[in-house]
Amino acid sequence: MIARLLDGVSRRTLLMLGALLIVLIAAPLFAGDYLLTVLILILYFAYIGQSWNIMMGFAGLLSLGHALYVGLGAYTAAALYVHFGVGPWFGLLAAVPVASLAGAFIGFLAFRFRVAGVYFAILTIAFAEFARVGFDHLGWTRGSAGLFLPVAQYAHNDLWNLRGHPAMFYYILLAATTLALIGCRALLRSRIGYFWLAIREDEEAARSAGIDVFRYKMIAVVISAGMTSFAGVIYAFYYNNLFPEQVFHILRSIEIILGPIVGGLGTLFGPILGAFILTGLSETLTAVLNALGVDIPGVKQVFYGVCLLLVITALPEGVWPWLRARIGLKERQP
Amino acid sequence: MSALLSVKGVSKRFRGLVAVDRVSFDVEKGGVFAVIGPNGAGKTTLFNMIAGMFPPDAGSIAFDGDRIDELPPDRVCRRGIGRTFQIVRPFPGLSVEDNAVVGALMHRYSVDDARARAHEVLRRLDLYDKREQRASSLTLPDRKRLEVARALATDPKLLLLDEVMAGLRPTETDRMVAILQSLNRDTGLTILLIEHVMRAVMALASHILVLHHGAAIAEGRPEQVVRDRAVIDSYLGVEAIDA
């Protein structure tokens, strides 16, 4: 089983990944509260980036509404906790199916009626927006007033109820990101993975090669949505408050997709690298501007945008394929 | 008689235009059947109906004893009909090998088995040495052979080839002909091809159907068909006989 998972991974790749993992495991021991918060954000985006990448990077399905699955996961688990005292891990058992079903519904509508490309993207935005407006009026989740979880003291970590120190969330997200990386690699190298790539490359040719395009697109959406909803559950229990206006907002969906795009669409490590680059960039800009005493509203966003533009112009395939060649990890395309 | 593919009275019209007009023919198991005719004769439309891209307006298509004219392309492929496209469509971002692996996974659940099959097919089509290249970096003759490889990797009983010789130089054409001949001879694969290159048709086909304005105007053995008056007038021209 383990040999199977490692099959085709070069020794060098393994060493580098191992080193990175050790650094990340040790990080909370040295990082201050602020840096830890930043690292949590990075892992959060790395994880969701991987989930989104399954749809866009593997199967070629552009979703601009992934905030929907984050929000559904967050709201489902949080509401079950607030109303019935159901712990987040049991809540997850409801959150994942809810998000996957939503994904399946959107997928069914789109693929059944051959809604593709930008039209599919618009459909995903539409459903995220439905949810944003809908949850504003949903009494069960306290509508626009927001759903609040009882805030715990950081006296001790209650992993079962996800009440505790940020370091606990950090390790959960680190585990999730690691598992997602392994899972994505396994998927990509499986029969399903090959069919996804074929569909991404040329849907009509894939169909003629015997691939049931509808089915494999549905699988991509369902897996991606379900995976994403886990991040939502963590989001809810980390921030302890949920507002439809924030959770389902299209900006959340855009944030999600920037990492994988900058890191490298369809690559396994790209979403992780992209999360480090983007969150790192954002934090560096804040620090630099603070140090310079620049206090003009919007300056940070302008610089952020310019940097993004430069990266994407210079490396349209993403940073990871370029970096991979630079550090001598010419892993064969799966 | 054991017809692998049986097309009966098939018609297709696009708005006012009758693209295929009541065409019937049988493809015998193990044969190489060529469909020829001038541009716009309805050859590709006929092909697309067999491959399931769209259903015929009238008539029926049976493969291996079962009706297939209502099936979508992926189901047709799984029944055992592999096809190529007139304008080649390999998966551009994938390696040559992975293009073939995708095809081979049709009837295989293990990627390793599919890879072994892909290697076998790529060797046959002289692409094995290029297996690590991206499909988008291949030359046209290579891409044409890759299309055949991908279709072949699905283990078809019938291979549909839509102008695989078009755009090839004579030496490349001969190479493709030799590959197809050996496939047909060694594995008993039945081939149905649309072709303009008469040199290839004459070398390969055991049977020819000539379409003109959507209708079949001649059918038979190659040497009969090329001497048919109607065929010479509408398509080949007099000089082709001596070619």
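In case you missed it, the structure is sitting above this.
As the structure is a computational prediction, the values presented were derived from the model and not from experiment. (Residues numbered from 1 in each chain as written. Chains lettered and ligands numbered in written order. Predicted model: local features only at pLDDT ≥ 70, side-chain atom pairs only at ≥ 80, totals over all residues.)

A.B. asks: Teacher, can you tell me more about the overall build of chain B here?
C.D. replies: Of regular secondary structure, chain B possesses nine helices and ten strands. For chain B, the C-alpha radius of gyration of 18 Å lies close to 18 Å, the compact-globule estimate for 243 residues. Structurally, chain B occupies a C-alpha span of about 50 × 40 × 35 Å along its principal axes. When each of the 243 residues of chain B is scored for burial, the buried share is 48%. For chain B, the share of sequence-separated contacts (at least 6 apart) that also reach a separation of at least 24 residues comes to 63%. (Helix = DSSP H or I, 4+ residues; strand = E, 2+ residues; numbered from the N terminus. Rg over C-alpha atoms; globule rule 2.2 N^0.38 Å. Buried ≥ 20, exposed ≤ 12 C-beta atoms within 10 Å, placed from the backbone. Contact = placed C-beta atoms within 7 Å.)

A.B. asks: Please explain the overall build of chain A as it appears in this structure.
C.D. replies: Per the secondary structure count, chain A includes 15 helices and two strands. Computed over its C-alpha atoms, the radius of gyration of chain A comes to 20 Å, within 12% of the 20 Å expected for a compact globule of 334 residues. Oriented by its inertia axes, the alpha-carbon framework of chain A measures out at about 55 × 45 × 45 Å. A buried classification covers 43% of the 334 residues belonging to chain A. Partitioning the intrachain contacts of chain A with sequence separation of at least 6 by distance along the chain shows that 75% fall at a separation of at least 24.

A.B. asks: How do you make sense of the packing of helix 3 (residues 96-104) of chain B against helix 4 (residues 111-124) of chain B when you look at a structure like this?
C.D. replies: A pair of packed helices is captured by two measures, namely the crossing angle of their axes and the spacing between those axes. Residues and elements named next belong to chain B. One way to put it is that helix 3 packs onto helix 4 with a least axis distance of 8 Å and a crossing angle of 115 degrees. Here helix 3 and helix 4 pass one another in a crossing that is right-handed. Contact with helix 3, carried on its side by V96, E97, A100, V101 and A104, involves V111, A114, R115, R117, A118, V121 and L122 of helix 4 and no other residues of that element. (Axes fitted to C-alpha atoms, helices over the stretch in contact; angles between N-to-C directions. Left-handed = near helix turned anticlockwise from the far one by under 90°.)

A.B. asks: I'm lost on the interface of chain B and chain A in this one. Help?
C.D. replies: Accessible area lost upon the coming together of the parts serves often as the stated size of an interface. Listed by partner, the interface residues are 23 residues for chain B and 19 residues for chain A. Within the residue set of the side of chain B that touches chain A, elements represented by two or more residues are helix 2 (73-79) and helix 3 of chain B. A class-by-class count of the residues in the side of chain B that touches chain A yields 13 nonpolar, four polar and six charged. (Nonpolar A, V, L, I, M, F, W, Y, C, P; charged D, E, K, R; others polar.)

A.B. asks: Teacher, can you tell me more about the sheet that holds strand 5 (residues 66-67) of chain B here?
C.D. replies: Strands pair in a sheet through their backbones, by hydrogen bonds, and they do so in one of two ways: parallel or antiparallel. All names here are of chain B. Strand order across the open sheet formed by four strands is 2-1-4-5, with antiparallel pairing between neighbours. Each having just a single partner strand, strand 2 (17-28) and strand 5 make up the two edges of the open sheet. As paired elements, strand 1 (residues 3-14) and strand 4 (residues 58-63) share five bridges and run antiparallel to each other. Among the inter-strand pairings, L5 is bridged to a residue of strand 4, identified as F63. (Pairing = 2+ DSSP bridges.)

A.B. asks: What is the right way to look at unusual backbone geometry in this model?
C.D. replies: Across the chain, the bulk of peptide bonds are trans and the bulk of non-glycine residues have phi less than zero. Residue and element names in this part refer to chain B. The backbone of R22 sits at a positive phi, close to 45 degrees, despite the residue not being glycine. Structurally, R22 is set in strand 2. On the basis of neighbour counts, which here come to 14 C-beta atoms within 10 Å, the residue R22 falls in the partly exposed class. The phi torsion at H213 lies on the positive side, around 50 degrees, for a residue other than glycine. Along the chain, the position of H213 falls in the loop between strand 9 (207-212) and strand 10 (215-220). When the 16 C-beta atoms within 10 Å are taken as the criterion, H213 is described as partly exposed.

A.B. asks: Please clarify how the environment of B:P90 should be interpreted in this entry.
C.D. replies: Residue and element names in this part refer to chain B. Within the secondary structure layout, P90 lies in the loop between strand 6 (81-83) and helix 3. You can call P90 buried: it has 27 C-beta atoms within 10 Å. Aside from chain neighbours lying at most four places away, what touches P90 is N99, A135, R143, L146, E147 and R150.

A.B. asks: What am I meant to see in the packing of helix 3 (residues 33-58) of chain A against helix 12 (residues 250-263) of chain A here?
C.D. replies: All names here are of chain A. With their axes 8 Å apart at the nearest point, helix 3 and helix 12 run at an angle of 75 degrees to one another. The pairing of helix 3 with helix 12 is recorded here as roughly perpendicular in orientation. Between helix 3 and helix 12, the residues in contact are F45, A46, I48, G49, W52, N53, M56 and G57 and I256, I257, G259 and P260, respectively. Of the residues that constitute the contact of helix 3 with helix 12, the class distribution is eight nonpolar, four polar and no charged. (Parallel < 35°, antiparallel > 145°, perpendicular 65-115°, else oblique.)

A.B. asks: Help me out: how do you make sense of the sheet that holds strand 10 of chain B in this one?
C.D. replies: Residue and element names in this part refer to chain B. Strand order in this open sheet of six strands is 6-7-8-3-9-10, and the pairing throughout is mixed. Among the strands making up the open sheet, the edge pair consists of strand 6 and strand 10. The mean inter-strand angle of the sheet, taken between neighbouring strand axes irrespective of direction, is 15 degrees. Alignment of strand 3 (residues 32-36) against strand 9, held across four bridges, turns out to be parallel.

A.B. asks: Help me understand the pairing of strand 3 of chain B in this model?
C.D. replies: Each regular strand carries side chains that alternate between the two faces of the sheet. All names here are of chain B. Strand 3 sits mainly inside the fold: five of its five residues count as buried. What you see with strand 3 is no split at all: V32, A34 and I36 on one side and F33 and V35 on the other are buried throughout. Where strand 3 meets strand 8 (residues 190-194), four bridges bridge the pair, whose relative direction is parallel. Residue F33 lies in a different strand from strand 8, and its bridge partner there is L192.

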